[in-house]
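# Coordinates in review
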Amino acid sequence: MKASDLDRFCAGLMPERRTPESVDGIKTGEGAKELRKVGVTWTVTNAVLDKAERLGLDGIVTHEPTFFDHHDSAESRTASETARAKQKRIDELGLVIIRLHDCWDGYPEYGIGDATARVLGWTERLEATDIGRVFRLAETTLADLARDVADKLGCPNPRIFGDPATKISVVGLCWGHTSLGSVVRCTEAGADCVVVGELAEWQGPQYILDSGKTMIYAGHCTTEKKGMETARELLEKNFADVEFIYIDVPEAFGPPVL
Ligand SMILES: [Fe+2]
Ligand SMILES: [Fe+2]
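Thresholds, definitions, all that
Residues numbered from 1 in each chain as written. Chains lettered and ligands numbered in written order. Predicted model: local features only at pLDDT ≥ 70, side-chain atom pairs only at ≥ 80, totals over all residues. Helix = DSSP H or I, 4+ residues; strand = E, 2+ residues; numbered from the N terminus. Rg over C-alpha atoms; globule rule 2.2 N^0.38 Å. Buried ≥ 20, exposed ≤ 12 C-beta atoms within 10 Å, placed from the backbone. Contact = placed C-beta atoms within 7 Å. Core = buried A, V, L, I, M, F, W, Y, C linked by C-beta atoms within 7 Å. Domains from an automatic or database assignment. Pairing = 2+ DSSP bridges. Axes fitted to C-alpha atoms, helices over the stretch in contact; angles between N-to-C directions.

We now examine the overall build of the protein. If you tally the helices and strands in the protein, you get 8 helices and 11 strands. Relative to a compact globule of 258 residues, whose C-alpha radius of gyration would be 18 Å, the protein shows 19 Å and is just as compact. Viewed in the frame of its principal axes, the protein has a C-alpha envelope of about 55 × 40 × 30 Å. A burial count over the protein gives 42% of its 258 residues as buried. Contacts in the protein between residues far apart in sequence, at least 24 positions, make up 64% of those at least 6 positions apart.

The subject of this paragraph is the nonpolar core. Val171, Cys193, Val194, Val195 and Ile216 are the most contacted members of the largest nonpolar core, which has 62 residues in total. No other element matches strand 8 (residues 167-177), which puts 6 residues into this core. There are two domains that each give this core at least three residues, and those are domain 1 (3-104) and domain 2 (112-217). Among all residues touching cysteine 193, those that are not within four sequence positions of it are Leu142, Leu145, Ile168, Val171, Lys213, Thr214, Met215 and Ile216.

The 5 strands are arranged 1-4-3-2-11 in an open sheet whose pairing can be described as mixed. Lying at the two open borders of the sheet, with one neighbouring strand each, are strand 1 (25-28) and strand 11 (243-247). Adjacent strand axes in the sheet meet at a mean angle of 30° when their direction is disregarded. Direction of pairing for strand 2 (residues 37-41) relative to strand 11: parallel, over a ladder of 5 bridges. Looking at the pairing, valine 38 lines up with phenylalanine 244 of strand 11. Together, strand 2, strand 3 (59-62) and strand 11 form the strand contacts of helix 8 (residues 226-238), whose direction differs from that of strand 11 by roughly 180°.

On to the environment of glutamine 206. Relative to the helices and strands, glutamine 206 is located in helix 7 (residues 204-210). For the pair glutamine 206 and phenylalanine 161, spaced 45 residues apart in sequence, the C-alpha to C-alpha distance is 9.0 Å.

Once that is clear, we can look at the sheet that holds strand 6 (residues 133-141). Pairing is mixed across the open sheet formed by 6 strands, whose spatial order is 5-6-8-9-10-7. Bordering the open sheet on either side are strand 5 (124-128) and strand 7 (159-161), each of which pairs with just one other strand. Shown here is a sheet whose adjacent strand axes are inclined to one another by a mean of 30°, direction ignored. The sheet strands contacting helix 4 (residues 112-120) are strand 6 and strand 8, and the helix crosses strand 8 at an angle near 140°. Across the sheet, helix 5 (residues 142-153) lies against strand 6, strand 7, strand 8, strand 9 (193-198) and strand 10 (214-217), angled at about 120° from strand 6, the strand it touches most.

Any functional reading would require information that these geometric values do not contain.
See the structure below:
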């Protein structure tokens, strides 16, 4: 399979999202390259490149960018010594990097939103959009919900906004880097609590507290990466002649120090 075939498959998952402004597509390497062993990950860190080298990969499918810029622009690849060294290493390894972002977040069943909700065990869905979901839960408290989210998603440092004893029976899920509009949509659909990846602290939490609702910051990486394990599954089902290997990226925040 050529890299361009894999990219075409990714674009076909949600073709309405593959607009000229989309960040998806081949980011490094040639579309004509034959791929036999492909990594699937959340973002291409230097540790992911180490693993790619050890495993002898010839391509990587990633949800988030490689050069610390949403579009992986030409400027971003030379903007720092770190970015320049990364580009050089990728070129030396001959890796084709394909971004699967816009055509993946809202993809049914396997995509980020549905995969994350499934891991959380949230099944009674009240509302769904490309960028958010609302679910009914058995009644719990904010503190217990935060512990459960942390446990199931593997995030050691959830941050909560609101009284830990607040009763929660409807929850919103806005994975990754979300927007105020997505959070508002959840609260106005009845969510008592919105679990987000990340959102500006002056904005989302302040809206939540003024609204008498609650919020859990679970982290961008941890609210998205389960959906790249399922990306690996879907790709494996569709390309029998290619080996797809999931490469985990740990949450960037360090362990608690206090
Ligand atoms: Fe995402
Ligand atoms: Fe994201």
